[in-house]
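Here are the chains, one letter per residue:
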Amino acid sequence: EQGGIFEQSVTPPISMTTTYLASLHDQGYVYARDTQPIRTRCEKLISELEGGTAVLYASGLAATFATLFHLQPSRVGVRGGYHGTHNVLALMRDKHQVVIQDIDDEVGEGDVIWLESPRNPMCEVYDVKHYASRARAVGAKVVVDATMAPPPLQKLIPLGADVVVHSATKYYAGHSDVLAGVAIAADDSVGAALLSERSALGSPPGGLETWLLLRSMRTMDMRVKRQSESATKVVAWLNSESGGRTLGVEIVHHPSISSRDDHKVAIAQMPGGCGGVFSIELDSEDAAKKFPGKLKLFRDATSLGGVESLAEWRRKYDSGVPAGLVRMSIGLEDPDDIIQDIEQALKAVRSA
């Protein structure tokens, strides 16, 4: 109720009910699969933050599927990226004969260019303005998975993205305790359609997950900026001849590295920072397998964006990446402590 205890609570109460009294039906609350006060509040905040209309889902892949289901493309241009997205696209190909092609292949009306920027796990950055202009000229749509660089690092709706999706499990939630996803539509009518279709698909997040997500957003700006700044400092050490290069690090993947082809695009498109995730390629597969287990501050686990630092031998989960690649997600630990930990782990691997 406007002005009531819900609105005046410093921390909003957790809304766990699945159904509402008939007296609330004219306010839009009938059944929790459709609408829920805490979810509506969270979606409003994300909408204002991203500059579009946000719809929450039970996971990032639920948001991905819902977006593709709504757009109904005949062709989807995609290049590498998260293997879960490719699993969804494989379903679309096998069940609905959707053609999967590269992002630079020809597109036409109703087709989708699916960008992941930065792209998992090597952090490539794609020029969203360029692809949005190209798509708009022929009636195609651009969807950007921005999971690895949410606001405050970048905002992609103003740059021409038709829909931005996030695995909100990652930076939005930020504590490795929430499974959620979100799609943000530039067009309000698309957002309204996604909301309506979500009810039919049965894929909203639960009340507790939404409350935890709302809790996490209060510190999101500070967390994400700190993680990006720390990662950039760690990357500089790893990429230096006096640092990681002397300890078996052959390649470092992060948009902050000035020699990369996408560095200028990253600086322009990501004014808030280049992100808290990077990957390194070690000089052997054996070293990459052992390295996460030698770290002391990091957890050897998949995922990213949490307050704790994570490292994983990525080949364990994604057969399409180089055998020596380790993906690292920087948390809120002191960056100097992180560097010391990485240094001792690299030395331990080399002496093993």
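Whatever comes next refers back to the structure up there.
Nothing here was measured: the structure is a model prediction, and the numbers come from that model. (Residues numbered from 1 in each chain as written. Predicted model: local features only at pLDDT ≥ 70, side-chain atom pairs only at ≥ 80, totals over all residues. Heavy atoms only, no water.)

With mixed pairing, 5 strands are arranged side by side in an open sheet as 8-9-12-11-10. Edge positions in the sheet fall to strand 8 (249-253) and strand 10 (299-300), since each of these pairs with one other strand and no more. Two strands pair when backbone bridges link them, and strand 11 (residues 310-313) and strand 12 (residues 325-329) are joined in this way by 4 bridges, in the antiparallel orientation. Looking across to strand 12, one finds that Trp 313 is bridged to Val 326. (Pairing = 2+ DSSP bridges. Helix = DSSP H or I, 4+ residues; strand = E, 2+ residues; numbered from the N terminus.)

The subject of this paragraph is the environment of Gly 160. Within the element layout of this structure, Gly 160 appears in the loop between strand 5 (141-145) and strand 6 (163-166). Gly 160 sits in the buried class, given a relative accessible area of 13%. Here the alpha-carbon distance between Gly 160 and Asp 318, two residues 158 residues apart in the chain, equals 30 Å. Look past the residues within four positions of Gly 160 in its chain and what remains in contact with it is Ala 132 and Arg 136. (Buried < 20%, exposed > 50% of the residue type's maximum accessible area, 1.4 Å probe, protein only. Contact = heavy atoms within 4.5 Å.)

A few words on the pairing of strand 6. Of the two faces of strand 6, the one carrying Val 163 and Val 165 and the one carrying Val 164 and His 166 are both buried. Where strand 5 lies against strand 6, 3 bridges are found, and the strand directions are parallel. Bridge assignment links Asp 145 to a residue of strand 6, and that residue is Val 165. With 4 bridges connecting them, strand 6 and strand 7 (residues 181-185) associate as antiparallel partners.

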